[in-house]
Amino acid sequence: MAQSDVDVVVVGAGFAGMYLLHELRKTGFSYRVLEAGDDVGGTWYWNRYPGARCDIATTDYQYSWDPELHDQWQWSEKHAAQPEILRYAQFVAKKHDLYSGIEFNTRVDGAEWNEVAKRWSIHTSTGETIICQHYVMATGCLSVPKEPDIAGTEKFTGNVYVTGRWPHEGVDFTGKRVAVIGTGSSGIQSIPHIADQAKELVIFQRTPNFSMPAFNGPAPQYRVERLKADRATYEHEARYSGTGVPLEDSTVSALSVTQEEAFAMLEEAWQKGELLSLGNTFMDSAINRKANDVVAEFMRMKVRSVVKDPEVAELLSPYKHGYGTKRPCMDTGYFETFNKPHVRLVDLNTQPIRSITETGIDFGKESMEFDAIVYATGFDAMTGAIVNVDIAGKDGVTLKNKWENGPLTYLGLTSVGFPNLYMITGPGSPSVLSNMMVSIEQHVDWIRDTLVHMREQGFETIEPTPLAEEGWRVHCTDCADITIFQEANSWYMGANVPGKPRVMFPYIGGVGRYRMACEEVVAKGYLGFELGSGDKKQCNDGLVREVQPDVDMVLDFISTLNLPAMETMSPTEARAFSEASSAMRPSGPEVGEITDGVLQGADGNLEYRLYRPATPGPHPIAVYFHGGGWVFGSHTSDDPLCRDLCAQSNTLIVSVNYRHAPEAPFPAAAEDGFAAVKWVHANAAALGGIPEKIAVAGWSAGGNVAAVTAQMARDTGGPQLSGQLLLCPVTDGSQQHASHRENGERFILTKSLMEWFWNHYATPDQRKNPQASPLLAASLAGLPPTMLVTCQFDPLRDEGNAYARALMQAGVQVEHVEARGHIHTSITMVDMLPSGAPHRREMARALRGFFN
Ligand code: N01
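What counts, and at which threshold
- Residues numbered from 1 in each chain as written.
- Predicted model: local features only at pLDDT ≥ 70, side-chain atom pairs only at ≥ 80, totals over all residues.
- Heavy atoms only, no water.
- Phe/Tyr/Trp six-rings, centres within 6.5 Å; stacked < 30°, edge-to-face > 60°.
- Buried < 20%, exposed > 50% of the residue type's maximum accessible area, 1.4 Å probe, protein only.
- Lys NZ or Arg CZ within 6 Å of the ring centre and 35° of its normal.
- Core = buried A, V, L, I, M, F, W, Y, C linked by side-chain atoms within 4.5 Å.
- Helix = DSSP H or I, 4+ residues; strand = E, 2+ residues; numbered from the N terminus.
- Pairing = 2+ DSSP bridges.
- Axes fitted to C-alpha atoms, helices over the stretch in contact; angles between N-to-C directions.
- Near = heavy atom within 4 Å.
- Polar contact = N/O pair within 3.5 Å; in protein donor to acceptor, adjacent residues only side chain to side chain.
- Areas by Shrake-Rupley, 256 points an atom, 1.4 Å probe, with all protein chains shown as cover.
- Nonpolar A, V, L, I, M, F, W, Y, C, P; charged D, E, K, R; others polar.
- Contact = heavy atoms within 4.5 Å.
- Parallel < 35°, antiparallel > 145°, perpendicular 65-115°, else oblique.
- Expected span 1.5 Å × (residues − 1).
- Patch = residues over 30% accessible without salt bridge, like charges linked within 9 Å, V, L, I, M, F, W, Y side chains within 5 Å.
- Salt bridge = Lys/Arg side-chain N within 4 Å of Asp/Glu carboxyl O.

### Digging into the packing of aromatic side chains
Tallying each qualifying case throughout the model produces 45 aromatic pairs. Their ring planes at 55° and their centres at 6.2 Å tell us that tryptophan 166 and phenylalanine 173 sit as a pair that is tilted. We note that tryptophan 166, like phenylalanine 173, is buried. Centroid distance tyrosine 334 to phenylalanine 338: 5.2 Å. Interplanar angle 85°. Geometry classified as edge-to-face. With relative accessibility at 1%, the residue tyrosine 334 sits in the buried group. Pairwise contacts between aromatic rings join Phe15, Tyr19, Trp44, Tyr61, Tyr63, Trp65, Trp73, Trp75, Tyr88 and Phe91 into one cluster. Above the plane of the ring of phenylalanine 505 lies lysine 500, whose end atom (NZ or CZ) is 4.8 Å from the centre.

Okay, structure coming up:
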């Protein structure tokens, strides 16, 4: 093994670096901890602007690793102010003798990995180079103030202050003319205090922000009581919660209640004075624009109720971004400040700053003189502190170069090409979207355990694999894609720093889900990491999260319900169960008209439901066959999907209630399907459709009926079909495809449920008939253009894929969508699973395409 000066170099002595130092000592690693400031505290050391407070309540924003602290340290308020939090950090540092392990006033200027020696060389501002095995950046997410990007900043000769680098001795604004630029958390917290002193205060606002009063005071009693009663459970809940603060997840959609009811619920959350309570009132405010508007309007109403000048109130009301998509703020008297006669708001959208001058600011058509300018313009968040240090990994590539188009990490902790480099609360981890204390402790624990594991197992290096890193990037993007966060020009998106790539920097899948992913990685033998020492290598490559995040949440939710397996029920019970489940889902989009009727099946009448587009007809028609394993379901059971297809494709959908097994086994469903298509063709004009433009569509067993019907229409002289849209179709009764085994459990449609369906529908011999297993048809040539959707985690995936391939080989025009991360049922879950929406759009586009 190569020589090191120390095992670990840690950069930063905020709450992350302090805890890590403690753990390194405890586990017997040698270390150097380097800190640029001259004291501990990190963010709370630097951010000393007046009014600086933590937005997370003191019951939650404190270390949990030293239980004695809970008795030894008493917080004076619900939301502690900066000086008190700094004192807390100092108290902990003294208690655990951390000061003796930290080198202050020492910056890291550069670091490079030596691939031969398997060591990092860390260059410090004191001129030293430290050789170490592991290098941990505990540099914080919001530690590098954004470079001024306003013309003329260098010209001003008055006093200049930056909220993130506030003078330690404080600032007295008494009698001064002051300008504040920026209305994020720092601006919103400091402005009321500056207004109290200044003779004249002008606030330059580019974007109004959502803010609620902190209602500061004693810590919330209900939290204190829960903590006292059972701290362990409370802390466990925090660690597995969405945000790192125990909160009950809402199950109410903002769109399912009246505005009056919604506002009453929001008022209750508002009165709590807790940052996360408003965003947690409804289950859909982060994923649905309309749901978010309900919260946003409530917040705007609050602004109007405080600010006396309606024009100013309007300027202070956010309209361009959704609530929560930029970090919401907590304030004490912020909006009230604008009622003061010496305070003025300048809207930079109508009066942009032309230049900072020697004596003040030129904006719009005005020039004003100031004694002081306060920049509350934010940070180069998440990556600034990491890429500002020249960190060169394997082959000399720097992290800055690697991250040119956005940070690439595995778990937000590590990055390919940078062995033994760890980031605490790095990009790709919940970090700034969480209670930082919880996230910091989790990362420190993970790093400590990993170092111990490597030492015990004799590994010298650890590095994520390209596959795992790319998989994590995709997963992070999937999580962001189902939210409305990407619409906002926020620092979460890097949008505040010119030239920064526009990606979602933090992981938005939630603290608990993130923690479980990290735990799973370890439990699976460091899945996605390569560990090595000389010739010894261990690499269990793979992806830790492949299921779409919203699908995963539904699966987790369902698993908590302990529902009986459907295959243990009788068909009657299964039908009742399926109907009851369907009753709870959102109804789907509005369409022009919905009517019910009966049509001629193969053996008597069948019910159908017709969905008519809102546009003038006549329309092309898709005859739709529902899912339900030939056993349950009806012409109304896929209602949301049928509405969605109708509305998006401008097609008249006729959903048919074909006969069900076991009462009417094979070939009843197939024969009814074909009879229904013939009937619809004959009656198309009367239905308001175009007889020459008829397609079939279906999901699951309904996809089977649609595929079989298309073959029957081809083989028995019509009607001529324009296309077939098959969503997760059953195509092969042999059930021998690998996906039946791979996806046979956990994903709602299980292998045994599929067997139960087949057993009710067709005998093993009948399954060999192409009218049961369309994949077995002698030829697929001459079938209509096809859109076939298969889902990655569906037991039926491979038979659907095989059908798509066979159709293509037979010369059929096929569009085959392989829906990544989806399960058998997820694409049908309209308005429940946002990740299914793009696939439904594709399906609707294909349907339109059949008729053109
Ligand atoms: O920074 P910000 P912050 N011309 O980026 C404006 C945490 N924090 O320091 O929105 C004019 O939020 C910018 O305008 P716009 C917390 O996570 C926590 O306030 O980009 N204006 C915005 O109004 C927080 O979110 C706590 O259009 C310019 C403001 O400056 C994060 O730190 C307290 C501009 C910057 O707001 C950052 O907060 C404080 C320009 N050229 C901070 N450039 C607590 O826990 C930027 N702006 C309490």
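### Overview of the nonpolar core
Core analysis: the biggest nonpolar cluster contains 75 residues, and Phe15, Tyr63 and Leu411 have the highest contact counts within it. Breaking this core down by element, the ones donating at least two residues are β1 (6–11), α1 (15–27), α4 (82–95), α15 (436–457), α16 (466–481), α17 (511–523) and β20 (529–533). For this core, the element with the most residues is α15, which contributes nine residues. One finds Met566, Trp679, Leu726 and Trp756 within the second-largest nonpolar core, a separate group that totals 63 residues.

### A look at the sheet that holds strand β13 (residues 353–356)
Spatial ordering of the open sheet is given by β13-β14-β15, a layout of three strands whose pairing is antiparallel. Looking at which strands have only one partner, the edges of the open sheet turn out to be β13 and β15 (366–369). In this sheet, adjacent strand axes meet at a mean angle of 15° when their direction is disregarded. When strand β14 (residues 360–363) meets β15, the two strands line up antiparallel, connected through four bridges. Its bridge partner being in β15, aspartate 362 is matched across the sheet by serine 367.

### Comments concerning the site of the ligand
Lining the immediate environment of the ligand, one finds 25 residues, of which Arg53, Lys146, Asp149, Ser186 and Thr207 sit closest. Here serine 186 contributes a side-chain N or O atom positioned 2.6 Å from an oxygen atom of the ligand. In isolation the ligand has 900 Å² of accessible area, and contact with the protein removes 90% of it. Across the shell around the ligand, the residue classes tally to nine nonpolar, nine polar and seven charged.

### Examining the packing of helix α6 (residues 221–229) against helix α7 (residues 231–239)
Where α6 meets α7, the axes come as close as 5 Å, and the angle between the chain directions of the two elements is 115°. Packed against α6, whose contacting residues are Arg223, Arg226, Leu227 and Ala229, the element α7 presents Arg231, Tyr234 and Glu237 at the interface.

### Some points on the sheet that holds strand β8 (residues 177–181)
Pairing is parallel in the open sheet, where five strands are placed in the order β7-β16-β8-β9-β12. If you trace the sheet from one side to the other, it starts and ends with β7 (159–162) and β12 (343–347), each paired once. Pairs of neighbouring strands in the sheet enclose a mean axial angle of 20°, with direction left out of account. Direction of pairing for strand β9 (residues 200–205) relative to β12: parallel, over a ladder of five bridges. Bridge pairing links leucine 201 to valine 343 in β12. Helix α5 (residues 185–197) rests against β8, β9, β12 and β16 (372–375) of the sheet, and its axis sits at about 155° to β9.

### As for the side chain of aspartate 672
Tracing the chain through its elements places aspartate 672 in helix α21 (residues 668–682). For aspartate 672, a relative accessible area of 0% gives the class buried.

### Examining the packing of α15 against α17
With their axes 11 Å apart at the nearest point, α15 and α17 run at an angle of 0° to one another. Put simply, α15 runs roughly parallel to α17. Between α15, through Val438, Ser439, Gln442, His443 and Trp446, and α17, the contact on the second element is made entirely by Val511, Tyr514, Arg515, Cys518 and Val522. For the contact of α15 with α17, a count of residues per class yields six nonpolar, three polar and one charged.

### Notes on α15
Spanning 22 residues, α15 covers 31 Å between terminal C-alpha atoms, matching the ideal 32 Å at 1.5 Å per step. The element α15 is largely enclosed, with a buried count of 16 among its 22 residues. Positive phi shows up at glycine 458, right after α15, with a value of about 75°.

### Regarding the pairing of β14
As paired strands, β13 and β14 are joined by three bridges and run antiparallel to one another. In the sheet register, isoleucine 356 faces β14, and the bridge partner there is isoleucine 361. Linkage of β13 to β14, two consecutive antiparallel strands, is achieved through a turn of three residues. Remark: two residues form the turn of the hairpin made by β14 and β15, two consecutive strands paired antiparallel; glycine 364 in that turn has positive phi of roughly 45°.

### Considerations on a nonpolar patch on the surface
On the surface, Phe557, Leu561 and Leu563 cluster together to form a nonpolar patch covering roughly 290 Å² of accessible area. Relative to the helices and strands, phenylalanine 557 is located in helix α18 (residues 549–561).

By themselves these figures say nothing about function.
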